[in-house]
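Working through the structure, step by step
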Amino acid sequence: MKKILLSIFVLMFIFLTGCASEDKKVETQLEKIIARDVLVVGVKTDSKPFGYINRNTGEIEGFDIDIAKYIAKDMLGSERKIKLVPVTPNTRIEAILSGQVDMVMATMSITPQRQFLIDFTQPYYIAGQTVMVKEDSTIQNFSDLRKKTTIVVLGTTTEQNIRRIIPTARLSGYKNYEEAFKAFKEGKADAFSSDNTILSGFLMDNKGYRILKNKISQEPYAIGIMKNEEDNSLKKNLDIIIHRMQKDGTIKSLKKKWRV
Ligand code: GLU
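Keep in mind the model is a prediction, meaning the values are calculated, not measured.

It is worth spelling out the sheet that holds strand E4 (residues 60–61) at this point. Backbone hydrogen bonds hold the strands of a sheet together, and the pairing may be parallel or antiparallel. Strand order in the open sheet formed by three strands is E2-E3-E4, with antiparallel pairing between adjacent strands. Each end of this open sheet is capped by a strand with a single partner; those strands are strand E2 (46–47) and E4.

This is the structure we're talking about:
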């Protein structure tokens, strides 16, 4: 009898400790970040003032970066516990899907197509698509882009919107904003379309251009993360942080700081 009881006890012990170690293996997205003690964030390096390289310091900075640092401080206790990974519109979703980054904060709009692949937090900023032209250009409206050449960055909502709204516009696509603006400056197109935020950034540093007042879209910027139906720990935590930043005036003061 004693032997049977002992065997039952041993079996129960093995079963329970087995369960415990199984539980330990299945970390939530949030627990993984906390265990690593570093938040890995995909950011822009060519989209001033949201994410760009400060030429004097060589550091990546901007509105998106400040929000990412606030999140790192909230999650891990220090804004320095962050690793910034440069992404472009073409690489940012893949960076999430492959696990290269925990999240993307890179002027990325929520769209239904992207929601098939990744999850988004609630939006933290609302931008809109517009167009930049030379100061003396005859282009005044989006309809003037018909049969004209417009530069866009590939993989953006900008590209999709123009194709849909002005199908007769000729598009010239580039991989990133640095190359796109360089081509525009060299006179390779009549117009350069993007979000008002990004175009205003180019206007800050360059003379001889203007931006149309009209916007053809609303671009709600949100943080992109890995989709995981069973684990909403990260999304929940990020939504709480964004909500707090909106309530406590942090977003407002960052908008003022970056003039956006
Ligand atoms: N916000 C737009 C998008 O998500 C354009 C800007 C960008 O891609 O960075 O596609």
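Next comes the rest of the description.
Let's shift gears to the nonpolar core. Counting residues in hydrophobic clusters, the biggest one holds 33 residues, and the most contacted among them are Ile71, Met75, Met103 and Tyr124. Those elements that provide at least two residues to this core are helix H2 (29–36), strand E1 (39–43), helix H3 (63–76), strand E6 (103–105), strand E8 (125–127), helix H9 (233–247) and helix H10 (250–258). Among the elements that take part in this core, H3 stands out by supplying eight residues, more than any other. Residue contacts for Tyr124: discarding those within four places in its chain leaves Phe63, Asp64, Ile67, Met105, Ala106, Thr107, Tyr221, Ala222, Ile223, Ile242, Gln246 and Ile251. Within the second largest apolar cluster, 15 residues are counted, among which are Ile151, Tyr177, Phe192 and Tyr209.

Turning our eyes to something else, we now look at helix H6 (residues 157–165). Among all positions in H6, only Thr157, Thr158, Glu159, Asn161 and Ile162 are buried. Structurally, H6 contributes buried residues whose contacts are with helix H5 (112–117), strand E9 (129–134), strand E10 (149–153), strand E11 (170–174), strand E12 (191–195) and strand E14 (219–221).

Let's shift gears to the packing of H2 against H9. Closest axis-to-axis distance for the H2/H9 pair is 6 Å, and the angle between their directions is 75 degrees. Looking at the two axes, H2 sits roughly perpendicular to H9. Counted together, Gln29, Leu30 and Ile33 of H2 and Ser233, Leu234 and Asn237 of H9 form the full contact between these two elements. Classifying every residue of the contact of H2 with H9 by side-chain character gives three nonpolar, three polar and no charged.

Let us now look at the sheet that holds E10. Strand order in the open sheet formed by five strands is E11-E10-E12-E9-E13, and the pairing between neighbours is mixed. Edge positions in the sheet fall to E11 and strand E13 (209–211), since each of these pairs with one other strand and no more. Pairwise comparison of adjacent strand axes, ignoring direction, gives a mean angle of 30 degrees for this sheet. Alignment of E9 against E13, held across three bridges, turns out to be antiparallel. Bridge pairing in E13 places Val133 opposite Arg210. Against the sheet, helix H8 (residues 196–205) touches E9, E12 and E13, its axis set at about 125 degrees to E12.

Cut-offs used in this document
Residues numbered from 1 in each chain as written. Predicted model: local features only at pLDDT ≥ 70, side-chain atom pairs only at ≥ 80, totals over all residues. Heavy atoms only, no water. Pairing = 2+ DSSP bridges. Helix = DSSP H or I, 4+ residues; strand = E, 2+ residues; numbered from the N terminus. Core = buried A, V, L, I, M, F, W, Y, C linked by side-chain atoms within 4.5 Å. Buried < 20%, exposed > 50% of the residue type's maximum accessible area, 1.4 Å probe, protein only. Contact = heavy atoms within 4.5 Å. Axes fitted to C-alpha atoms, helices over the stretch in contact; angles between N-to-C directions. Parallel < 35°, antiparallel > 145°, perpendicular 65-115°, else oblique. Nonpolar A, V, L, I, M, F, W, Y, C, P; charged D, E, K, R; others polar.

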